[in-house]
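Chain by chain, the residues run as shown.
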Amino acid sequence: MTGQRIISPSDIAPEAESATGESAPAASSPPAPARYPVPDMAQGAGLTRVAGFAGGVYRREDSIKRSRFIVSVAHAPDTATARAFTDAVRAEFADATHNCWAFAAGPPGETGRIGCSDDGEPHGTAGRPMLQQLLHGGVGEVAAVVTRYFGGVKLGTGGLVRAYAAMARLGLDGLPLRQRIVPARVSVVLAHGRAGALRRLLPVYEAAIQSELHGADVECIIGLPVEHAAAFMAAVIDMAAGEALVEVLPPAED
């Protein structure tokens, strides 16, 4: 048996979904991180439910020059979820003056799956400043809707930009979070006598056996964080003195 390593980052990184949203600026994105924080809507203070949206919603409120502002934030792992969330909040506050929204449905800072809307506010004064706060807030897969009930005092374009940006920041402040670990799957085929050594490697790389087949050799599917995949594969080849086959499989779906 000869060793084979397939460790190109393009092989072990999940492909990005391509989508554009209303008023979304085009930009290139840095390589996606292997783990990053995302909203945790299973726990935390300030969570509520909104009709028409399956997930939890984190909500804060403030008053700016007599206008009532409400920010609603949700986990948006994809553009469809982000759209469902914004539609649900807009329906909930259908009597509001504006329901401006923004989402960034990828890792922090990634611009491949973003969107925003001013919802009737002057162009560029609401959705775009909200989106900038989401992109640079250190949280991935997040969507926000800022609802405004006009209080009779005009804010001007500069005041609107500051107000909507501040509300997006408020929505991120105190938001319950969890770690999103990008998964990888590695196929390992080796001799039965090497199986014990393989198992001893697993904790070092936060890896776990997902399936195991015993025949002439031991064939295992290993799940682990994508950031450890290349090092794990190299360690398996070294442990087996080259007598192992290792191969990256398509990323497991969440």
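Preceding this section is the structure that the text describes.
Computed from a predicted model, the values in this text were never measured in an experiment. (Residues numbered from 1 in each chain as written. Predicted model: local features only at pLDDT ≥ 70, side-chain atom pairs only at ≥ 80, totals over all residues. Heavy atoms only, no water.)

Chemist: Tell me about the side chain of Asp118, and name the residues and values.
Modeler: As for its position among the elements, Asp118 is in the loop between β6 (114–117) and α3 (127–135). Although buried, Asp118 forms no salt bridge, and the nearest oppositely charged side chain, Arg128, lies 6.9 Å from it. Other than its neighbours up to four places away in sequence, Asp118 contacts Cys100, His123, Gly124, Thr125, Ala126, Gly127 and Arg128. (Helix = DSSP H or I, 4+ residues; strand = E, 2+ residues; numbered from the N terminus. Buried < 20%, exposed > 50% of the residue type's maximum accessible area, 1.4 Å probe, protein only. Lys, Arg positive; Asp, Glu negative; His and termini not counted. Salt bridge = Lys/Arg side-chain N within 4 Å of Asp/Glu carboxyl O. Contact = heavy atoms within 4.5 Å.)

Chemist: An account of the packing of α3 against helix α4 (residues 156–172) is requested, with residue identities and associated values reported.
Modeler: At a minimum axis separation of 8 Å, α3 and α4 run at an interaxial angle of 35°. In terms of crossing hand, the pair formed by α3 and α4 is right-handed. Judged by residue contacts, Pro129, Met130, Gln133 and Leu134 of α3 engage Val161, Tyr164, Ala165, Ala168, Arg169 and Leu172 from α4. Its residues placed into classes, the contact of α3 with α4 shows 8 nonpolar, 1 polar and 1 charged. (Axes fitted to C-alpha atoms, helices over the stretch in contact; angles between N-to-C directions. Left-handed = near helix turned anticlockwise from the far one by under 90°. Nonpolar A, V, L, I, M, F, W, Y, C, P; charged D, E, K, R; others polar.)

Chemist: Explain the sheet that holds strand β9 (residues 183–190) to me, using residue names and the numbers behind them.
Modeler: Working definition: the strands of a sheet are paired by backbone hydrogen bonds and lie parallel or antiparallel to each other. Pairing is antiparallel across the open sheet formed by 4 strands, whose spatial order is β10-β11-β9-β12. Where the open sheet ends on each side, the last strands, each with one partner, are β10 (208–214) and β12 (244–249). The mean inter-strand angle of the sheet, taken between neighbouring strand axes irrespective of direction, is 20°. Bridging between β9 and β12 involves 6 bridges; their strand directions are antiparallel. Bridge pairing in β12 places Leu190 opposite Ala244. (Pairing = 2+ DSSP bridges.)

Chemist: Can you lay out the pairing of strand β11 (residues 218–225) for me, pointing to particular residues and giving the numbers?
Modeler: Taken across its 8 residues, β11 has 7 buried, putting it largely inside the fold. Of the pairings in the sheet, the one linking β10 to β11 comprises 6 bridges and is antiparallel in character. In the strand pairing of β11, Leu213 is matched with Glu219. Between β10 and β11, which pair antiparallel one after the other, the connecting turn spans 3 residues.

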